[in-house]
Amino acid sequence: MLEYIIKQTNKFIESKSKEERKSYGQFFTSLLTARFMAELFEIPHKNSLKILDPGAGSGILSAAIIEMIDMHFSVVNEIELTCYETNSDILPLLESNLRFIKSSSRIRLSVIIKSDNYILSQADDFSESLISFSEPEKYDLVISNPPYFKLPKKAPEAVSMSDICYGTPNIYFLFVAMSLFNLIENGEMVYIIPRSWTSGAYFSRFRSYLLSYGKITDIHIFTSRKKVFDSENILQETMIVKIKKTKIKPFEIKISSSTDSKCFNNSTKLLVPYNTVVSGSENYVYLVTSQSETDVLQKVNSFKTPMPSIGLKMKTGLTVDFRNKELLRNNFGEHIVPLFYSHHIKDGRVVFPIGKDNEYISDELPGVVQLNRNYLFVKRFTAKEEKRRLQCAIYFANHYPKYKKISTQNKINFIDTIDNSEMSEELVSGLYAVLNSTLYDMYYRILNGSTQVNATEMNAIPLPARRDLELLGKRLLEFGDYSTDYCDKILEESIYA
């Protein structure tokens, strides 16, 4: 059944350009991925089931779940399948494929195809449910490979689900939230989606909703960005997630990982405590792929003091250089101050000047300058292949005594005090020792799959207490070794002794 649907879909793909499919955010699920997703469900022992496929495309996932139930769950004799699809180009293929599925299955299958906008068609019900608990159509199971594209802030879909949106939303997480709304209590849904929702401020409202009304039971992580969707050239950190509509936390989450969509049989498998995977006030979801990564999470999460709780905050550099070209200078002079870039971060130290163009900036615009005081600089962007994601440098103001003010380019972050007081050299050095350690670099890679160091996420990471940071910094300053090996050594000796 599924192989036939895949074959028909491939013919459709060959007839359309990638640009046409991209306009719908439409990328098709491979055969092995569809079967893996279907097999994640715990099928209720009921004679009749209601199933929803809210981004049906050509019907691949519908075929996968019907085929799986048809072959392995003889107790199920009747299924009502509802498919949403707005792309008029693919609707004839979807209709044809569903007729084939219906004729091929032993199950009495009734099919409802809706060409309505999945989000907007239920927006009123969703909004009212948060107030009056209205009960629209509900389903036992939901399976989906939703569309992927960013929406304008004022798009009707974003406005209709504003309670879970922050900033510029992506359509995929609106699908996930609406599907959770559509489930019966203890119903299950399986989605293949980007991993971007697992951390960061943009998805905080969504995570709050999702993890309040549902609980993650299974996660599959693809460790390659290139090999998830057959015949598609997509660079996307992708995952499969199964969510149960319940407020009861499972003790553990099943986590598996594979390099691509052809290696499910050889995937690594872990059982990780729920509170290790879903952790912190922001409900971040940590995607671990090994026991050693689980150990990293548990070690770091044993600390209780994120930066704001000890009077510190990571901020993004102040100067967007290409927008302030008229202020940039190559030489120091009156009302000219240093402009620090990521290029100035060298082996834990700030090296300035280095003979780079535009290393200085006029101080005539107050918003691009800051006081010359002690900071920890952190590169905001690193290359995917680089060994470390967290690359830091200690900046001491007394190394540059002739400047009252400095500036930082927006491709670096800097840690400063919340009350604008001076950080001691011991505290800056202690922060460096922690963030330059292997432990925290691994932690951040688990938290965030991208190459960007996000200030919001960094401000939520638990750290050792302020006094412990200062003691670490004192040891670092006394010994003068800024290597990762030495940071690992003193962190281990001082914190875990």
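Preceding this section is the structure that the text describes.
Because the structure is predicted, anything quoted here is derived from the model rather than measured.

Trainee: Explain the overall build of the protein here, please?
Mentor: In terms of helices and strands, the protein carries 16 helices and 24 strands. Its C-alpha atoms give the protein a radius of gyration of 26 Å, near enough to 23 Å, the size a compact globule of 497 residues would have. Per-residue burial for the protein yields a buried fraction of 56% across its 497 residues. In the protein, once contacts between residues fewer than 6 apart in sequence are set aside, the share between residues at least 24 apart is 77%.

Trainee: Even after reading the chapter, I still don't get the nonpolar core, so can you show me in this structure?
Mentor: As a rule of thumb, nonpolar side chains are buried together in soluble globular proteins. Of all hydrophobic cores here, the largest spans 139 residues; its most connected members are Ile69 and Ile219. Of the residues forming this core, the biggest block, 10 residues, is contributed by helix H8 (residues 171-182). For Ile219, the contacting residues outside a window of four places in its chain are Met239, Ile240, Val241, Ile253, Lys254, Ile255, Ser256, Val277, Val285 and Leu287.

Trainee: Sorry, what's going on with the pattern of salt bridges here?
Mentor: Note that side chains of opposite charge can pair when their charged atoms are close. Applying the stated criterion to the full structure yields 17 salt bridges. Note that Glu78 and Arg108 form a salt bridge whose closest N and O atoms lie 3.8 Å from each other. Within this pair, whereas Glu78 is found in strand S2 (residues 78-84), its partner Arg108 is found in strand S3 (residues 108-114), the two being separated by 30 residues in sequence. A salt bridge links Asp441 to Arg445, with the shortest nitrogen-to-oxygen separation between them at 3.2 Å. Residue Asp441 and its partner Arg445 are located together in helix H13 (residues 438-447), separated by four residues, close to a single helical turn. With a relative accessible area of 27%, Arg445 lands in the partly exposed category. Because the salt bridges share partners, they merge into one network encompassing Lys50, Glu80 and Glu137.

Trainee: Which parts of the structure should I look at to understand the sheet that holds strand S14 (residues 328-329)?
Mentor: Backbone hydrogen bonds are what pair the strands of a sheet, in a parallel or an antiparallel way. Within the open sheet, the five strands sit side by side as S14-S18-S15-S22-S19. Their pairing is mixed. The sheet is open, and its two borders are formed by S14 and strand S19 (370-371), each paired with just one other strand. Relative to strand S22 (residues 405-408), strand S15 (residues 336-340) runs parallel, the two being bridged by two bridges. Looking at S22, one finds that Phe340 is bridged to Thr408.

Trainee: Looking at this model, I keep getting lost on helix H1 (residues 2-15). Mind explaining?
Mentor: Residues spaced three or four apart along an α-helix face the same direction, because each turn holds 3.6 residues. In this model, H1 (14 residues) spans 20 Å end to end at C-alpha, consistent with the 20 Å of a helix rising 1.5 Å per residue. When we look at burial in H1, the residues that qualify are Leu2, Ile5, Ile6, Gln8, Thr9, Phe12 and Ile13. Looking down the long axis of H1, one finds its buried residues gathered within 165 degrees of arc, a one-sided arrangement. Away from its buried face by more than 90 degrees, H1 exposes Glu3, Lys7 and Glu14.

Trainee: Just to check I follow, could you spell out the side chain of Ser267 for this structure?
Mentor: Within the secondary structure, Ser267 sits in the loop between strand S8 (252-258) and strand S9 (268-273). Engagement of the side chain of Ser267 in a polar contact is seen with the backbone oxygen of Phe264, the distance being 2.9 Å. Only 3.4 Å separates the side chain of Ser267 from the side chain of Lys269, close enough to count as a polar contact. The contact partners of Ser267, leaving out residues within four places of it in the chain, are His220, Ser256, Ser257 and Ser258.

Trainee: Any chance you could explain the packing of H8 against helix H9 (residues 204-213) here in plain terms?
Mentor: The description of two packed helices rests on the angle between their axes and on the distance between the axes. As a packed pair, H8 and H9 sit with axes 10 Å apart at the nearest point and diverge in direction by 25 degrees. In this view, H8 runs roughly parallel relative to H9, as classed from their interaxial angle. The hand of the H8/H9 crossing is left-handed. Here Phe173, Val176, Ala177, Leu180 and Phe181 of H8 come into contact with H9, specifically with Phe206, Tyr209, Leu210 and Tyr213. Broken down by class, the residue content of the contact of H8 with H9 amounts to nine nonpolar, no polar and no charged.

Trainee: Explain the pairing of strand S21 (residues 392-395) to me, please; I cannot follow it from the model alone.
Mentor: Within a regular strand, side chains alternate between the sheet's two faces. Residues Cys392 and Ile394 point to one face of S21 and Ala393 and Tyr395 to the other, with burial holding for every one of them. Sheet topology places strand S17 (residues 348-350) next to S21; two bridges connect them, and they run parallel. Residue pairing in the sheet places Arg349 in a bridge with Ile394 of S21. Summarising the sheet, strand S20 (residues 375-379) and S21 pair through four bridges and their orientation is antiparallel. In the strand pairing of S21, Phe377 is matched with Ala393.

Trainee: Hey, could you run me through the pairing of S3 in this one?
Mentor: Looking at chain direction, S2 and S3 are connected through seven bridges and run parallel. What sits directly across from Tyr84, in S3, is Lys114. Running through helix H5 (residues 91-104), the crossover from S2 to the neighbouring parallel element S3 is right-handed.

Trainee: Even after reading the chapter, I still don't get unusual backbone geometry, so can you show me in this structure?
Mentor: Cis rather than trans, the peptide bond between Phe352 and Pro353 has omega equal to -5 degrees. Looking at the secondary structure, you find Pro353 in the loop between S17 and strand S18 (360-362). At Asn186, a residue that is not glycine, the phi angle is positive and equals roughly 70 degrees. By the element assignment, Asn186 lies in strand S5 (residues 183-194). Even without glycine at this site, His335 takes up a positive phi of about 60 degrees.

Trainee: Could you clarify how one ought to interpret the side chain of Glu67 in this entry?
Mentor: Mapped onto the elements of the fold, Glu67 is located in helix H4 (residues 60-72). With relative accessibility at 9%, the residue Glu67 sits in the buried group. Those residues in contact with Glu67 that lie beyond four places of it in its chain are Met1, Leu2 and Arg35.

Criteria and cut-off values
Numbers given to residues run from 1 along each chain, matching the order in which its sequence is written. With pLDDT at 70 or above as the cut-off, local features in this predicted model cover only qualifying residues; side-chain atom pairs require 80 or more to be listed or tallied, and sums for whole chains, interfaces and linings still use all residues. Values reported for side chains reflect all heavy atoms of the structure, with hydrogen atoms and water molecules removed beforehand. The helix and strand labels rest on DSSP assignments: H or I over at least four residues marks a helix, E over at least two residues marks a strand, and numbering proceeds from the N terminus. Each radius of gyration is computed over the set of C-alpha atoms, and the globule rule expresses the reference value as 2.2 Å times the number of residues to the power 0.38. Partly exposed describes any residue whose relative accessible area lies between the buried limit of under 20% and the exposed limit of over 50%, with all areas from a 1.4 Å probe on protein chains only and scaled to the type maximum. Two residues qualify as a contact provided that any one of their heavy atoms is within 4.5 Å of a heavy atom in the partner residue. Remark: nonpolar core denotes a set of buried residues (Ala, Val, Leu, Ile, Met, Phe, Trp, Tyr, Cys) joined through side-chain atoms within 4.5 Å. Salt bridges are counted wherever a side-chain nitrogen of Lys or Arg sits within 4 Å of a carboxyl oxygen of Asp or Glu. For two strands to pair, DSSP has to find at least two bridges joining them. For a helix, the expected span equals 1.5 Å multiplied by the number of residues minus one. Arc definition: directions from the helix axis to the C-beta atoms. Within 3.5 Å is the distance limit for a polar contact, defined as a pair of N or O atoms, with the added protein rule that one can donate a hydrogen and the other accept it, and that residues adjacent in sequence qualify only through two side-chain atoms. Only the contacting stretch of a helix is used when fitting its axis, a line to C-alpha atoms as for every element, and angles between N-to-C directions run 0 to 180 degrees. Any angle that is under 35 degrees is reported as roughly parallel, and any over 145 degrees as roughly antiparallel; angles of 65 to 115 degrees are reported as roughly perpendicular and all others as oblique. In this scheme, a crossing is called left-handed if the near helix is turned counterclockwise away from the far one by less than a right angle; it is called right-handed if the turn is clockwise. Residue polarity is assigned by list, with Asp, Glu, Lys and Arg as charged and Ala, Val, Leu, Ile, Met, Phe, Trp, Tyr, Cys and Pro as nonpolar; anything else, Gly included, falls into the polar class. With its strands directed away from the observer, a crossover is right-handed exactly when the path from the first strand over the helix to the second travels clockwise.

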